[in-house]
Amino acid sequence: MRFHVEGMTCGGCATKVVKALHAVDAHAQIVTDPPTRSVRVSSTAPRAQLEAALRDAGYPPGGSGAPAAGGTACGQRREEPLLEATNSNVSMRIEGMDCGSCVSKIETALTRLPGVSDVRLNFATEKLELTLAPDSATQVGDIAKTIKGLGFGVSAGMGRKTESGIEAGNHIVAADPHWWQTGKGRQVIGLGALMGAAYAISLLFPAYGMWAFAIAVIAGVLPFARKAAALARSGSPFSIETLMSVAALGALIIGEAEEAAAVVFLFSVGELLESVAAGRARAGINALASLVPKTAVLLDARGGQREVPAASLRVDDLVLVRPGDRVPADGVIVHGASSLDESPITGESIPHAMETGDSVFAGSVNIDGVLQVRVEKAAADNTISRIIHLVEEAQATKAPTARFIERFSRYYTPAVMAIAVLIVLLPPLATGADWQTWLYRGLALLLIACPCALVLSTPAAIASGLAVGTRRGLLVKGGNALETIGRVGAIAFDKTGTLTEGRPRVTDIVAFAEESKDEVLALCAGVESGSSHPLAKAIVNHADAAGLAIPAASNAFATAGKAVHATVAGRRLAIGSPIYATRAAALSPGQLARIEALQHEGKTVSVLLDEQRREALGLVALRDEPRQDAQEGMAALKAMGVRTIMLTGDNRRTARAIAGSLGMEYEAELLPQDKLRLINEMKGETRVAMVGDGINDAPALATADVGIAMGGGTDVAIETADAALLKSRVTDVAHLVALSRATMANIRQNVVFALGLKGIFLVTTVMGLTGLWVAVLADTGATAIVTLNALRLLRFKGARSAEKGPDECQGVQLMAPIRNP
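Residues numbered from 1 in each chain as written. Predicted model: local features only at pLDDT ≥ 70, side-chain atom pairs only at ≥ 80, totals over all residues. Heavy atoms only, no water.

1. Re the overall build of the chain
For the chain, the count of helices and strands is 26 helices and 31 strands. Relative to its 821 residues, the chain shows a buried fraction of 52%. In the chain, the proportion of contacts linking residues at least 24 apart, taken out of those at least 6 apart, comes to 68%. Summed over all atoms, the accessible surface of the chain reaches about 35500 Å², with 56% contributed by carbon and sulfur. (Helix = DSSP H or I, 4+ residues; strand = E, 2+ residues; numbered from the N terminus. Buried < 20%, exposed > 50% of the residue type's maximum accessible area, 1.4 Å probe, protein only. Contact = heavy atoms within 4.5 Å. Areas by Shrake-Rupley, 256 points an atom, 1.4 Å probe, with all protein chains shown as cover.)

2. Regarding the environment of Thr32
With respect to the helices and strands, the residue Thr32 is situated in strand 2 (residues 29-33). Distance from Thr32 to Met8, taken between C-alpha atoms, is 9.1 Å for residues 24 residues apart in sequence.

3. Remarks on helix 16 (residues 517-528)
Note that an α-helix has 3.6 residues per turn; residues three or four places apart therefore point the same way. End to end, helix 16 covers 16 Å across 12 residues, agreeing with the expected 16 Å (1.5 Å per residue, within 8%). Taken across its 12 residues, helix 16 has nine buried, putting it largely inside the fold. When helix 16 is considered as a whole, its buried residues turn out to be Val520, Leu521, Ala522, Leu523, Cys524, Ala525, Gly526, Val527 and Glu528. (Expected span 1.5 Å × (residues − 1).)

4. A word on helix 17 (residues 534-545)
With 12 residues, helix 17 should reach 16 Å at 1.5 Å per residue; the first-to-last C-alpha distance of 16 Å fits that figure. Taken as a whole, helix 17 has its buried residues at Ala536, Ala538, Ile539, Val540 and Ala543. Where the residues of helix 17 are buried, they touch strand 20 (505-511), helix 16 and strand 25 (615-623). Just downstream of helix 17, Gly547 is the residue with a positive phi angle, here 75°.

5. Digging into the sheet that holds strand 14 (residues 352-354)
On the basis of which strands lie adjacent, the open sheet formed by three strands has the order 14-13-16 and antiparallel pairing. Among the strands making up the open sheet, the edge pair consists of strand 14 and strand 16 (365-366). Sheet topology places strand 13 (residues 338-341) next to strand 16; two bridges connect them, and they run antiparallel. Residue pairing for strand 16: Leu340 is matched across the bridge by Asn366. (Pairing = 2+ DSSP bridges.)

6. As for the pattern of salt bridges
Side-chain pairs of opposite charge can arise whenever the charged atoms involved come near each other. A complete count under the given rule lists 15 salt bridges for this structure. In this structure, the salt-bridge partner of Arg322 is Asp325, at a minimum N-O distance of 3.0 Å. The salt bridge partner of Arg623 is Glu625, with a shortest N-O separation of 2.5 Å. According to the relative accessible area criterion, Arg623 is buried, its value standing at 12%. For Glu625, a relative accessible area of 22% corresponds to the partly exposed category. The structure contains a network of salt bridges with shared partners spanning Glu515, Arg571, Asp610, Arg613 and Glu615. (Salt bridge = Lys/Arg side-chain N within 4 Å of Asp/Glu carboxyl O.)

7. Side note on the nonpolar core
In terms of nonpolar packing, the biggest core is built from 49 residues, with Ile491, Phe493 and Leu637 touching the most fellow members. When residues in this core are grouped by element, the largest group, nine residues, is from helix 25 (residues 731-766). The next biggest cluster of nonpolar side chains, apart from the first, holds 44 residues, and it includes Phe213, Val217, Val221 and Ala251. (Core = buried A, V, L, I, M, F, W, Y, C linked by side-chain atoms within 4.5 Å.)

8. What to know about the packing of aromatic side chains
In total, this model carries one aromatic pair according to the counting rule given. Judged by centre distance (4.9 Å) and plane angle (85°), the ring pair of Tyr199 and Phe213 falls under edge-to-face. Here Tyr199, found in helix 5 (residues 183-204), pairs with Phe213, found in helix 6 (residues 209-233); they are 14 residues apart in sequence, far enough to count as distant. One Lys or Arg, Lys227, reaches over the ring of Phe152 and ends 4.4 Å from the middle of that ring. Over the face of the ring belonging to Trp438 we find Arg441, whose NZ or CZ atom lies 4.5 Å from the ring centre. (Phe/Tyr/Trp six-rings, centres within 6.5 Å; stacked < 30°, edge-to-face > 60°. Lys NZ or Arg CZ within 6 Å of the ring centre and 35° of its normal.)

9. Focus: the side chain of Ser202
Checked against the element boundaries, Ser202 lands in helix 5. Polar side-chain contacts of Ser202 include one of 2.7 Å to the backbone oxygen of Tyr199. Beyond its immediate chain neighbours, meaning those up to four positions away, Ser202 contacts Gly209 and Phe213. (Polar contact = N/O pair within 3.5 Å; in protein donor to acceptor, adjacent residues only side chain to side chain.)

10. Looking at the sheet that holds strand 15 (residues 359-360)
Spatially, the six strands line up as an open sheet ordered 10-9-11-17-12-15, and their pairing is antiparallel. Looking at which strands have only one partner, the edges of the open sheet turn out to be strand 10 (305-309) and strand 15. Relative to strand 10, strand 9 (residues 295-299) runs antiparallel, the two sharing five bridges. Looking at strand 10, one finds that Val297 is bridged to Glu307.

11. Let's talk about unusual backbone geometry
Positioned with a positive phi, Ala569 is a non-glycine residue whose angle comes to about 55°. Its place among the elements puts Ala569 in the loop between strand 22 (563-568) and strand 23 (571-576). Take Ala569: its relative accessible area is 64%, and that puts it in the exposed class. Not every positive phi belongs to a glycine, and Ser728 is a case in point at roughly 55°. Mapped onto the secondary structure, Ser728 falls in the loop between strand 30 (723-725) and helix 25.

12. Re the environment of Thr108
Within the secondary structure, Thr108 is located in helix 3 (residues 100-111). Aside from chain neighbours lying at most four places away, what touches Thr108 is Ser234, Gly235 and Ser236.

13. Let's talk about a nonpolar patch on the surface
Side chains of Ile201, Leu203, Leu204, Phe205, Tyr208 and Trp211 sit close together on the surface and give an oily, nonpolar patch of about 770 Å² of accessible area. With three residues, helix 5 is the largest single contributor of residues to the nonpolar patch. As for its placement among the helices and strands, Leu203 is situated in helix 5. Assessed through its relative accessible area of 71%, Leu203 is described here as exposed. (Patch = residues over 30% accessible without salt bridge, like charges linked within 9 Å, V, L, I, M, F, W, Y side chains within 5 Å.)

14. What about the side chain of His565?
Locating His565 in the fold gives a position in strand 22. By relative accessible area, His565 is classed as buried at 4%. Of the polar contacts made by the side chain of His565, one reaches the side chain of Glu611; its length is 2.9 Å.

15. Thoughts on the confidence of the model for the chain
Across the chain, the average pLDDT comes to 77, with 79% of residues at 70 or higher. Throughout residues 63-88 the model reports pLDDT below 50, and contacts reaching past four residues in sequence, or to other chains, amount to 63 contacts. Contacts of residues 157-174 to residues separated by more than four positions or lying in other chains number 52 contacts, the stretch itself having pLDDT below 50. (pLDDT = per-residue confidence, 0-100.)

16. Re the environment of Gly497
Looking at the secondary structure, you find Gly497 in helix 15 (residues 495-499). Measuring from C-alpha to C-alpha, the distance between Gly497 and Pro626 comes to 9.0 Å, with 129 residues separating the pair along the chain. Once you skip the residues sitting within four places of it in the chain, Gly497 turns out to touch Gly502, Asp624, Arg627, Asp693 and Met710.

17. Points about a positive patch on the surface
A surface patch of like charges, here positive, comprises Arg471, Arg792, Arg795 and Lys797. Of note, Arg795 is situated in the loop between helix 26 (772-791) and strand 31 (813-814). On the basis of relative accessibility, which here comes to 58%, the residue Arg795 falls in the exposed class. (Lys, Arg positive; Asp, Glu negative; His and termini not counted. Charge placed at Lys NZ, Arg CZ, Asp CG, Glu CD.)

18. Looking at the packing of helix 16 against helix 17
In the contact formed by helix 16 and helix 17, the axes pass within 9 Å of each other and the chain directions differ by 130°. If you check the angle between helix 16 and helix 17, you find them oblique. The handedness of the crossing between helix 16 and helix 17 comes out as left-handed. Contacts between helix 16 and helix 17 pair Leu521, Cys524, Ala525 and Glu528 from the former with Ala536, Ile539, Val540, His542 and Ala543 from the latter. (Axes fitted to C-alpha atoms, helices over the stretch in contact; angles between N-to-C directions. Parallel < 35°, antiparallel > 145°, perpendicular 65-115°, else oblique. Left-handed = near helix turned anticlockwise from the far one by under 90°.)

19. Overview of the packing of helix 20 (residues 630-639) against helix 25
Helix 25 packs onto helix 20 with a crossing angle of 25° between their chain directions and a minimal axis gap of 7 Å. If you check the angle between helix 20 and helix 25, you find them roughly parallel. Here Glu632, Gly633, Ala636 and Leu637 of helix 20 come into contact with helix 25, specifically with Thr731, Val733, Ala734 and Val737. Taken together, the residues of the contact of helix 20 with helix 25 sort by class into five nonpolar, two polar and one charged. (Nonpolar A, V, L, I, M, F, W, Y, C, P; charged D, E, K, R; others polar.)

This is the structure in C-alpha cells:
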C-alpha cells in the first residue's frame, strides 16, 4: 500500500509515522520518503487500520492505495518503474549531467510541459523532484520521455528510499564506471578510430581523404544534432550542441572537412572531461552515504544474535558492535568499552575512548572492544542521514552569484551569436571580402559563444566548498550562506555551551584550617554525593578524577537555595554560598577577601563549614570554563578583521571575566529579546553572524545574516542555523569564514578566466589568428580548467593561525557601536 502523508516533512516526522504504523503491525515493512511525502507499507493489517493509526499520530493520509512498486497482487516481483509518483510529487534520478547548463536545459524543457511545476534539479546528487498536477494530461512517462529526448538518462535510483533517506537495501554506492565504459567514453573511442582511419585514407588515397573525414564528421555530429533539435523544441535553442553542430556542418560545407572532424572529436573529448570532473565533484555525498554499514547484529531479549538490515533498526533496539565494525545507528553504549574512530563524521583524527553511557554516531569505526549499543535514533534521523539531507539541500540551493551568472548567460550566448552573424555578413557586403574566409571565422566564433565554463564557474566552486567543509565538520546549508559568511564584519557568540564547555568545573580548592586541599575536596564530595545539582556533580566528578576516597554521608538534607547539610565521618558539615557562610560561621577578613577575588574572576564559590564548631574549613571554586580553543579562535577572527562580541544572559561579573580572558567585547544579563535587539542594531551597520547552541539562541540565529550552531547543541538551534560546527570547536568559526572567502576568491578566478579567455579568442578569431581547432579547445579547455580550479578547494587547510600572541588579545570592553569594517 502507498500513502501520501502531507504533514511528513522531515526525518523526525518519518520516525513518528513509522512508530505509528509499527504499533499496528510490528512486522510491517515501511519505506518513507519525506521530500515527496510518500509512505509505502507492506503489511497484513487492513488499510483502514493503518490510516487510523496515521490520523491518531497527527499525520492524516491522502492519495491512492495503488500497490507499491516492486510487487503485484499475486506476490510476484515485477520490474521497478523508472520513477515514482505519489499524488502530485515526482522524484527520479537523472544521469549524464555534466555542468550547470545541463540543469538549465532540463528545467526549461520540463517547465514547458502542462501540469508540471516546482521543478527542482540537484546537479550534485543528480536528483530531480517536481510537482505534477493530479488532473494533468502530462503523465509520468511523458516526463521520462522528454528527459531521454534531451540525451539524458533516467533511473529509479532516487525513487525508492528508506527512512534514512538512503536507497532501500541500505544504499550501496555503486562504483563509478571507468571513463571508457561510459557512453561518452565509447563515443570518443569510436570517433578517435574514425579520425585515425580518415587520416590513414587521406595519406594512402588523397583523393578520398575529404570523404573519409566527412563520414567521421557526420557520424560524430549526428548524436549532437539530434540533441540540439530536441533542446530547441523544448525551449533551449542556443545550446552548445546547436553551436557545435552548426560550426561543424558549416565547416564541412565550405570544404574544411578535416577541421570539422577535429571540432567534433575535440568537443566529444571535452564532454568526456566534463563528465569525469562532475563525477569527482559528486563523490563527496556518495562517500557520506557509504559510511552507513549495510547490516547490523541485532540482540534479542534472550541474548540471541541475528543479522538484519541496518536501515530496519528501530529506537531502543540493542545491537552488537564488534572490533572493526562500523556503528550501525546513533545510540548509547549500554555495555563494554572501546576506542572509536569518529573521523568519518567529525573529522577528528584521534580515536576517542568510549564506555558505558557514552553516545556514539552511526558510521563510527569500533577499534578494539566489543560494545552493546542501544539505538536512540532511527535511520531517518541519524547523524549521517541528517548530514546527507542537509548537504543535498545545500547543493540544490543556488547561490546569488550563480543566479546572476545564469541570467547573464541567457543574454551572453544570443549576443555572441548575433556578433558571429555580423562577422559573416558585414565584411563581404561592406568591403567585398571573401565570403568563405569570414564564414569560417563566424563559425569559429560560434564555438566561443558556449557559456558552459561561465555557468559552471560558481556551482563548481560552491559544490567543492560545501564538500570540503562537510569533510572538516563544517556543515553549510547552501551557497547563499557560504557566500555570506565570508563577508560578515561582526560575529556574536553565546557564552554557555558555545564559548564555554557548558558545564561547571572545579578551578580552585582552598583549605582554611588544618585539613589539606584533598581532604577539603573529599569532604565536599561526601556532602554533595547525594545531590543532582550541576555544581554538586562537578565536585564529585573532580574528586573521582583525583582518585580520592569519598567518605559516606548520612542525614543529608538541603536548605533550599542556601546550603546542603550532611554528617560525614561523625562531623556535621554543610556546603553553602558565601552569603550563607557569613551567617553560619565567623569568616576572617582574609577568607572574605579570597572569596571576593574568586568571585571577581567570574567563579562560583561554595564554602565548606563545620556546623558544630561554626568555622569555615575551606572552599571550592567552580566556573564554566572557556573551551580550550576559544582564545585561539578569537585571535584568528581578530586577525581576519572580524569583530567578536559575546552576548550572554549570565551576570555581568562572570561575563567580564570570560570576555577578558578571550579578548572580546561583551553584553551581559540579556534576555532572548535583548539578543534580538542587539543583532538588529548591529545589522544596521554591517553583516552579522550569530553563533549559539541552545533553544534560547534560535531567534537570534534566525535573525542574523548567518546563523551558526554548535554541533553539540539542541536540534532546534541546528535546524534554525545556516551552518553547523559538527566538532563544536570555536576555531571552526574562523575556518568557516576562511572557507567562504576562499570559495568566493575561487569563483572570481573562474569568472575572470572564463570571460577573459573567451574575450581573447573572440579578438584573435575575428583577426583570423585562430581557427576552429583553437576555438573548440578554448571552450572545452576553459570548462575543464574552471572545474579543476574549483576542485583545488578540496585541499583547503583552514584559517591561518593568528600572528598575534594571546597576550595581545586580552583587552576587554563593553560592546562598542559596530562600524562597517
